Amino acid sequence: MKTEVPHGELALLLAQSDILHAGDATLKAEGFRLLLENRTEYGDNRQFLWRLARSYKDMYESAKDKLEKSSYAQKGREEAELALKNNSLNVESHKWFAVLTRLALEHESMHSKLKSGHILK
């Protein structure tokens, strides 16, 4: 299996994202915006996608409104799912898919939770 090693501008972007992720809520929000701004250019890269999913989790944690939290969880889950489709062996993609799926399920009805529960098993 070939390991994808980011280089050039993508490597710098991912490093900056990792640094911002380690900061406070303001820095995490800056990292989220940075990744969103580069989504079109790097949206097919699995290293980029799992970091974008992780940043949706960061935004979920800082959101106050229940609807806003639900939106961040669902959109982040979709990004993590896309990362999994690009490479199902990437552990970070699995991690953020599971985390965001659990968060998204918290905002669904009981019927939807039961119907969707098999995803995490």
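Residues numbered from 1 in each chain as written. Predicted model: local features only at pLDDT ≥ 70, side-chain atom pairs only at ≥ 80, totals over all residues. Heavy atoms only, no water.

It is worth spelling out the environment of Leu84 at this point. Within the secondary structure layout, Leu84 lies in helix 5 (residues 66-86). For Leu84, a relative accessible area of 14% translates into the label buried. (Helix = DSSP H or I, 4+ residues; strand = E, 2+ residues; numbered from the N terminus. Buried < 20%, exposed > 50% of the residue type's maximum accessible area, 1.4 Å probe, protein only.)

It is worth spelling out the packing of aromatic side chains at this point. Applying the stated criterion across every chain, the model contains four aromatic pairs. A centroid spacing of 4.9 Å and a plane angle of 80° characterise the contact between Phe32 and Tyr56, whose relative ring orientation is edge-to-face. In this pair, Phe32 is assigned in helix 2 (residues 25-37) and Tyr56 in helix 4 (residues 46-62), connecting sequence segments 24 residues apart. Assigned by exposure class, Phe32 and Tyr56 land together as buried. Judged by centre distance (6.1 Å) and plane angle (45°), the ring pair of Tyr42 and Phe48 falls under tilted. Take Tyr42: its relative accessible area is 12%, and that puts it in the buried class. Ring-pair connections join several aromatic residues into one group, and the members of that group are Phe32, Tyr56 and Tyr72. (Phe/Tyr/Trp six-rings, centres within 6.5 Å; stacked < 30°, edge-to-face > 60°.)

With that settled, consider helix 6 (residues 91-106). Note that an α-helix has 3.6 residues per turn; residues three or four places apart therefore point the same way. Spanning 16 residues, helix 6 covers 23 Å between terminal C-alpha atoms, matching the ideal 22 Å at 1.5 Å per step. For helix 6, the complete set of buried residues consists of Ser93, Trp96, Phe97, Val99, Leu100, Thr101, Leu103, Ala104 and Leu105. At the N-terminal end of helix 6, a side-chain oxygen is found 3.0 Å from the backbone nitrogen of Glu92, two or three residues along, and the residue is Asn90. (Expected span 1.5 Å × (residues − 1). Polar contact = N/O pair within 3.5 Å; in protein donor to acceptor, adjacent residues only side chain to side chain.)

Further remarks concern the packing of helix 4 against helix 5. Contact pair helix 4 / helix 5: the axes reach a minimum separation of 8 Å and the direction vectors enclose 165°. Classified by the interaxial angle, the pair formed by helix 4 and helix 5 is roughly antiparallel. The handedness of the crossing between helix 4 and helix 5 is left-handed. Listed contacts from helix 5 to Arg46, Leu49, Trp50, Leu52, Ala53, Tyr56, Met59, Tyr60 and Glu61 of helix 4 are Lys69, Tyr72, Ala73, Lys75, Gly76, Glu79, Ala80, Leu82, Ala83 and Asn86. (Axes fitted to C-alpha atoms, helices over the stretch in contact; angles between N-to-C directions. Parallel < 35°, antiparallel > 145°, perpendicular 65-115°, else oblique. Left-handed = near helix turned anticlockwise from the far one by under 90°. Contact = heavy atoms within 4.5 Å.)

Now for the environment of Ala73. Its location among the elements puts Ala73 in helix 5. With 32 residues separating them along the chain, Ala73 and Leu105 place their C-alpha atoms 8.7 Å apart. Apart from residues lying up to four places away in sequence, Ala73 is in contact with Tyr60, Leu100, Leu103 and Ala104.

Honestly, it's all geometry; don't read function into it.
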